[in-house]
Amino acid sequence: MNVTRLRRALVAASAATVLAVAGCSAGGDTGTAAAASGSGSAAATATATTLAAAAAPTDVLADDESPEPVDTDYDATDTVSITLSGSTASSDDDGVTIDGSTVTITKAGTYLLKGTLTDGQIVVDTADADAVRLVLDGVDIASSTSAAIAITSAEQAAVILADGSENALSDTDSYAEDADVNAALFSSADLTIGGTGSLSVSGNGNDGIASKDGLVIESGTITVKAADDAIRGKDHLVINGGTVSATGGGDGLKADNDTDTDRGYVWIAGGSVTVTAGDDGIDAQTDVAITGGTLKITTGGGHSATVADDASPKGISAENYIGIAGGTVTVDAADDAINSAGSVHLGGGTVTLATGDDAVHADAELLIDGGELTVSASNEGLESALITVAEGEVDVTSSDDALNVSDGSGSADAAGGGMGGGGDQAIDGLLVTISGGTVVLNSEGDGLDSNGDATITGGTVVVNGPTNGGNGALDVNGTFTIAGGTLAAAGSAGMAVSPQGSGSQAVVSATLESSVPGGTVVQLVGPDGAAVATFTTSKESQSLVFSSPDITDGTEYAVYTGGTASGSDIGGLAAGGSTTGGSKLATATATQQAQGGMGGRGGGMGGPGGGMGGEPPTDQVPPTDPAQPTG
């Protein structure tokens, strides 16, 4: 994939293209690395927005150089034996030369290694066109001067862990700065690791496992601890299976080819992978794709850790594209949990994030059209210039903005942004579109914040906004329209806004005279006495906004507190409830154009007296239990 082309097109993409994509879902993508094929990615269009928004990870990777793993099956009767004996070794094959404790393999073939080298090295140096397979069967190799295994020249190579075997590799504690061989298990050729045994790698001087071409892990139990990067494949790093534990003082998993735009990617297609890193958990020069398996990442000590000013330990980082279409992903990061300088596509799987900064950050575009995303802790939750939610389940908790559409320039704030509704403060090209799925936002800053426009056409959006008056549950600088779906938002009143403009769906909005405490059941009741919404506040709230297809433009609704909520709920918005025992606070008239404020700021409730700017809170609700539409 051409990184420059994609990023340039994404930044220039029009809002109309995003809206066209919003109704599409790429669906799940559960292929393995060996299944990637085809030419071109999913969109040959005037802009690359369709490419980023609709393409599944395998579609994106189809533009990249395909991995070509070596077959790790072998015939045990057709192998060359090498016996390691402390400070020396022995073999009767002419493709093996032994010089003290250095064993050099000069021919292609399958080699069975057993025993221990206390201070030695296995070297592969062959010009043959066929692959070299090293079968490790109870091997322990340590080197005080270089790598334990150095594949310096080969067409392809494989390290195979024999059934039931336990193997260990460790290297020197320092390398020259310009050393070519610089990992405990090093390969200059494409390397495949497989088998059902175990391998423990100690990268004392630099990296643990490194390939200067591609690296594919098919199976095995692999534990790596490294001074710098734990596992690195320059062109690509692909994990199809096995149990992998990677601990690095630098990055955990890395692909760093910054010359070829079709290389430098990381793909997790299966297996169980645990990463603990001082810097990034996964760092890819181009793309990261996760289509299966279980992935657990901890970076920089986790989301509550304090790191140096010049450190930025991210969970998953890529320059071009990050796509998750399957599997289970858990990230606990001191910096951003997911960060792309291009686009992020969450289309499947279960993703759980905790972060000291942004949970998901994409410079150009973030698309969510499937799967489950839970952000348990963040500074800002979701951040991008274009955010589209078309499907899936999203639940975000943040100490600042939960969903923030921004170009990173800060120009909206400089223009007095944050008040919402001021079209002259909006930044062209910034847009959040929600057309399906469920979105629950729990913020201490703004809940849903757009420095451009916002459009809701479907799905369910619930915002448990801030308690401080300097932020609002909804904060949109440009046009905020709603033409479908369900919106429930509660928060402070200082910056309150509600949908306004050309939307076809009516809205009930209110700014309360005083706050109601967390845990309060608030119900919206129609003229027929039936509740159309039952919402339980999660924190102190003074601003309320509700819209659904059940709201009729021009109709007066009564607002009550008390009663009970029942059935399942989404972020506090219940499937049903009873108004028995509740108190009427006020009335409000639904409108397709928000009243008061700066364009979209919510006006007070109508009616005489106090309470919520409406009728005095003296009327008692009749003891009924009306059925409530689910919307």
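The structure presented is a predicted model; accordingly, all values stated were derived computationally and were not measured. (Residues numbered from 1 in each chain as written. Predicted model: local features only at pLDDT ≥ 70, side-chain atom pairs only at ≥ 80, totals over all residues. Heavy atoms only, no water.)

Colleague: Is there a simple way to explain the overall build of the protein in this structure?
Modeller: The helix and strand inventory of the protein stands at five helices and 46 strands. When burial is assessed residue by residue, the protein has 58% of its 631 residues classed as buried. The contacts in the protein between residues at least 6 apart in sequence include a share of 58% that link residues at least 24 apart. As displayed, the protein has an accessible area near 21,400 Å², and 44% of this comes from carbon and sulfur atoms. (Helix = DSSP H or I, 4+ residues; strand = E, 2+ residues; numbered from the N terminus. Buried < 20%, exposed > 50% of the residue type's maximum accessible area, 1.4 Å probe, protein only. Contact = heavy atoms within 4.5 Å. Areas by Shrake-Rupley, 256 points an atom, 1.4 Å probe, with all protein chains shown as cover.)

Colleague: Please explain the pairing of strand β18 (residues 236-239) as it appears in this structure.
Modeller: Because side chains alternate across β18, one face comprises the buried residues H236 and V238, and the other comprises L237 and I239, equally buried. The pairing of strand β15 (residues 214-217) with β18 spans four bridges and is parallel. From the neighbouring strand, I217 faces β18, where its bridge partner is I239. In this structure, β18 lies alongside strand β21 (residues 265-268), joined through four bridges in parallel fashion. (Pairing = 2+ DSSP bridges.)

Colleague: Would you mind going over the nonpolar core with me for this structure?
Modeller: What tends to happen in soluble globular proteins is that the nonpolar side chains get buried as a cluster. Grouped together as the largest cluster of nonpolar side chains are 106 residues, with contacts concentrated most on I231 and I316. Setting aside its immediate chain neighbours within four residues, I316 contacts I282, V288, I290, L295, I297, I322, V329, V331, A337, I338 and N339. Formed by 21 residues, the second largest nonpolar core is a distinct cluster that contains V516, L524, V532 and L573. (Core = buried A, V, L, I, M, F, W, Y, C linked by side-chain atoms within 4.5 Å.)

Colleague: Teacher, can you tell me more about the environment of A269 here?
Modeller: Looking at where A269 falls in the secondary structure, it is placed in the loop between β21 and β22 (272-277). The buried category is assigned to A269, whose relative accessible area is 9%. Taking the C-alpha atoms as reference, A269 lies 4.9 Å from N240; in sequence the two are 29 residues apart.

Colleague: For this particular structure, what's the right way to read the confidence of the model for the protein?
Modeller: Any region with low pLDDT has predicted coordinates that should not be read closely. Taken residue by residue, the protein gives an average pLDDT of 85. The fraction at 70 or more is 82%. Note that pLDDT drops below 50 for residues 1-30; the model gives that stretch 70 contacts with residues more than four away or on any other chain. Across residues 411-424 the pLDDT falls below 50, and counting only partners more than four positions away or on other chains, this stretch makes 36 contacts in the model. (pLDDT = per-residue confidence, 0-100.)

Colleague: Where do I start with the environment of S406 in this structure?
Modeller: Along the chain, S406 falls in the loop between β32 (403-405) and α5 (411-414). In sequence terms S406 and G429 are 23 residues apart; their C-alpha atoms lie 9.7 Å from each other. Residue contacts for S406: discarding those within four places in its chain leaves E383, S384, A385, L430 and N451.

Colleague: What is the right way to read the pairing of strand β44 (residues 564-570) from this model?
Modeller: Of the strand pairs in this sheet, β44 and strand β45 (residues 573-578) are connected by five bridges, and their pairing is antiparallel. If you follow D569 over to β45, its bridge partner there is A574. Turn length for the β44-β45 hairpin, with the two strands adjacent in sequence and antiparallel, is two residues, and the turn residue G571 shows positive phi of about 60°.

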